[in-house]
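Summary of structural features
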Amino acid sequence: MTSMNTQNASFSAVLTRAAEAETASDPSSVMTLLADSDTTGGLMTAYRSTFAKGAVGAPAHFHTRASELFYVIDGALQVLLGEEITVLNAGDFLLVPPHTPHAFAAAPGHEADVLFTFTPGMARFDYLRLLGRVMRGEASFQEIKDSSERFDNHYVDSPAWRDALERSA
């Protein structure tokens, strides 16, 4: 990651070159880490995820301190919003406010390429690295549960999401 100075900002401009971006991965997705809260003065966090067909994405959860933005670059993403299931297609944008349960996965039969942004920024990169280790069997899911306050990721039960995943399996 390269920083450039700007005027009237409490942080330096953030430029992340594609060839230099750190990636985190699990068996069904690759996350390209673009800008975390520590480099943006806490204003935002951004990363890009590419999901293979059948990728499970994230279970039902909510955040208390940040809004999460989804922009589908390509493919289709199945999303839980509250208790409603919808599919976002290439070019679709979704803003999920704090305290709103949501989940996501590649839509049945599709891959997905999605830009995620959190505002204000949250220290998400360490969470994504941990998630990759859990998905590869290198760490336990208990570590994710134990980190819910630190990463503002609070898991909830969603029968609607479980049903949607069972139908698409």
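Not measured: the values here are computed from a predicted model. (Residues numbered from 1 in each chain as written. Predicted model: local features only at pLDDT ≥ 70, side-chain atom pairs only at ≥ 80, totals over all residues. Heavy atoms only, no water.)

**Let's talk about the layout of surface pockets**
Selection rule: Computed over the protein atoms alone on a 1 Å grid, cavities are sets of points where a 1.4 Å probe fits but cannot get out and pockets are open sets with protein on both sides within 12 Å along at least five of seven lines; a residue lines them when it has an atom within 4 Å of a point. Grid points are joined across faces, edges and corners, and a volume is the space filled by probe spheres set on the points. Here a strand is any run of E in DSSP of at least two residues, a helix any run of H or I of at least four, and the numbering for each starts at the N terminus. The classification used treats Ala, Val, Leu, Ile, Met, Phe, Trp, Tyr, Cys and Pro as nonpolar, Asp, Glu, Lys and Arg as charged, and all other residues, Gly among them, as polar.
Its volume calculated, the largest pocket comes out at about 280 Å³. In this structure, the largest pocket is lined by 24 residues; those nearest its centre are G57, A58, F104, Y127 and L131. Counting residues per element, the ones that place at least two in the lining of the largest pocket are β4 (29-35), β5 (45-51), β6 (58-62) and α1 (125-135). Looking at the lining of the largest pocket element by element, the count peaks at 5 residues for α1. Grouping the constituent residues of the lining of the largest pocket by class yields 15 nonpolar, 6 polar and 3 charged.

**Details of α1**
To keep it simple, the criterion reads: Relative accessible area decides the class of each residue, using a 1.4 Å probe on protein chains only: under 20% of the type maximum gives buried, over 50% gives exposed, and in between gives partly exposed. Working rule for contacts: check all heavy atoms of both residues, and any pair within 4.5 Å makes them a contact.
Among the residues making up α1, those that are buried are F125, Y127, L128, L130, L131, G132 and V134. If you follow the buried residues of α1, they end up packed against β3 (22-26), β4, β5, α2 (141-146), α3 (148-151) and β12 (154-155). Two residues or fewer past α1, G137 is found with a positive phi of approximately 80°.

**Considering unusual backbone geometry**
Residue T119 is joined to P120 through a cis peptide bond whose omega torsion reads -5°. Mapped onto the elements of the fold, P120 is located in the loop between β11 (112-119) and α1. Phi at D152 takes a positive value of approximately 55°, unusual for a residue other than glycine. In this structure, D152 sits in the loop between α3 and β12.

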